[in-house]
Amino acid sequence: MGYVMDIVRVAIALMVELILIAVFAVSLRYRNRVIEHYPGMRKAYDYMLSGWLLGAISKLVFLGLDLEDCGVIKLSPSTRALMAALGNILFALALVLFLLGWMFIITSVLVKYTLVPTLEFEEKENQKGTKAPHGVYLCLSRGKAYAVFLKFLSGRAGLIISRVPPKVIQRELKLKKTPVIWITKMEGENTIHPSRLPYLLEMLIGFMRREDTAKVILFEGLEYMIMENGFESMFKFLTTLKDHALLHKSTVIIPIEKEILTQKEFTLLKREFPVLKEVFGE
């Protein structure tokens, strides 16, 4: 009976070993794809990937001890003690790596950009009473979109979401206080991956909700976002953004080149999001 139990124990240990190897192999295969979509998870993913590998190696060491218990192999007492110590050390390291990976996941999820509404320019006398239309509006000229954004920025808190690096667009528009979030696949401060639409939407809604200050947002790079996420996903994103902009009395200006869209897509956008010039003469 004891021999049968030893055989069952070895079979279970072997099955666990195969599962660990399979999980590591699958995780390694999809590593680049996962990191491409969630660059902030790189460290967490690599720590946990290393943990799977060390876990598989430690289980392989313990498997040798199980085989010795079944009489399949013969180990000297010193070798057995060495293997037991090595297995425990590897298992402990695997556990540490798992914990580090989990900590990085938690911090990556909890850390968010705190976009504090800040006035770049006090409202000028000659611009008092200038009303910024609430909602989401298209602008068919990038230069005009910049000009309208700067006009509405007087006396309002601004935010720029752009494919252009922050320092470049701040220098071009002569801005110092207005935050700029860079849409890029590179990791860094004040950057966001183009595929993280839910996170970006949450960030924008949080900015519009914060304080009672009027807000104006320049959302540049819609063409790139459509390429990365598809037109349907971006359309749903913008319709939700529009609802919150109307609710929180905010203005979102989106420069766009209609040449990159199909006629159907452009018509759908215009139906939901008016062109600023056609509606307000801006």
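Each remark here, short or long, concerns the structure printed above.
Figured I'd write up the structure that's included with this text. All values reported here derive from a predicted model rather than from experimental measurement. (Residues numbered from 1 in each chain as written. Predicted model: local features only at pLDDT ≥ 70, side-chain atom pairs only at ≥ 80, totals over all residues. Heavy atoms only, no water.)

Within the secondary structure layout, Ser27 lies in helix α1 (residues 2-29). With residues up to four places along the chain from it excluded, the contact list for Ser27 reads Tyr45, Leu49 and Trp52. (Helix = DSSP H or I, 4+ residues; strand = E, 2+ residues; numbered from the N terminus. Contact = heavy atoms within 4.5 Å.)

With respect to the helices, strands and loops of the structure, Thr267 is situated in helix α10 (residues 263-272). Only 2.8 Å separates the side chain of Thr267 from the backbone oxygen of Gln263, close enough to count as a polar contact. (Polar contact = N/O pair within 3.5 Å; in protein donor to acceptor, adjacent residues only side chain to side chain.)

It is worth spelling out the environment of Phe266 at this point. Within the fold, Phe266 resides in helix α10. On the basis of relative accessible area, Phe266 is assigned to the buried category, the value being 8%. Discounting residues that sit within four places of it in the chain, Phe266 has contacts with Leu140, Lys258 and Leu261. (Buried < 20%, exposed > 50% of the residue type's maximum accessible area, 1.4 Å probe, protein only.)

Formed by 39 residues in total, the largest nonpolar core has its most connected members in Leu204, Phe219, Phe237, Leu241 and Leu269. Looking at this core, the element that brings in the most residues is helix α7 (residues 197-209), giving nine residues. Grouped together as the second largest cluster of nonpolar side chains are 18 residues, Phe152, Ile160, Ile253 and Leu276 included. (Core = buried A, V, L, I, M, F, W, Y, C linked by side-chain atoms within 4.5 Å.)

Another aspect to go through is the packing of aromatic side chains. For the structure on display, the rule yields five aromatic pairs. With centroids separated by 5.9 Å and ring planes inclined at 65 degrees, the aromatic side chains of Phe219 and Phe237 adopt a geometry described as edge-to-face. Taken together, the positions of Phe219 in strand β5 (residues 215-219) and Phe237 in helix α9 (residues 231-247) put the pair 18 residues apart, joining distant regions of the chain. The residues Phe219 and Phe237 share a single accessibility class, namely buried. Arranged with centres 5.9 Å apart and planes meeting at 65 degrees, the rings of Phe235 and Phe273 form a pair that is edge-to-face. You can see Phe235 sitting in helix α9 and its partner Phe273 sitting in the loop between α10 and α11 (276-280), a full 38 residues away along the chain. You'll find Phe235 and Phe273 in the same group, each marked buried. Site record: aromatic cluster; members linked through ring pairs are Phe231, Phe235 and Phe273. We note Arg163 situated over the ring of Tyr224; from NZ or CZ to the ring centre the distance is 4.0 Å. Lying across the ring of Tyr199, Arg196 places its NZ or CZ 4.2 Å from the centre. (Phe/Tyr/Trp six-rings, centres within 6.5 Å; stacked < 30°, edge-to-face > 60°. Lys NZ or Arg CZ within 6 Å of the ring centre and 35° of its normal.)

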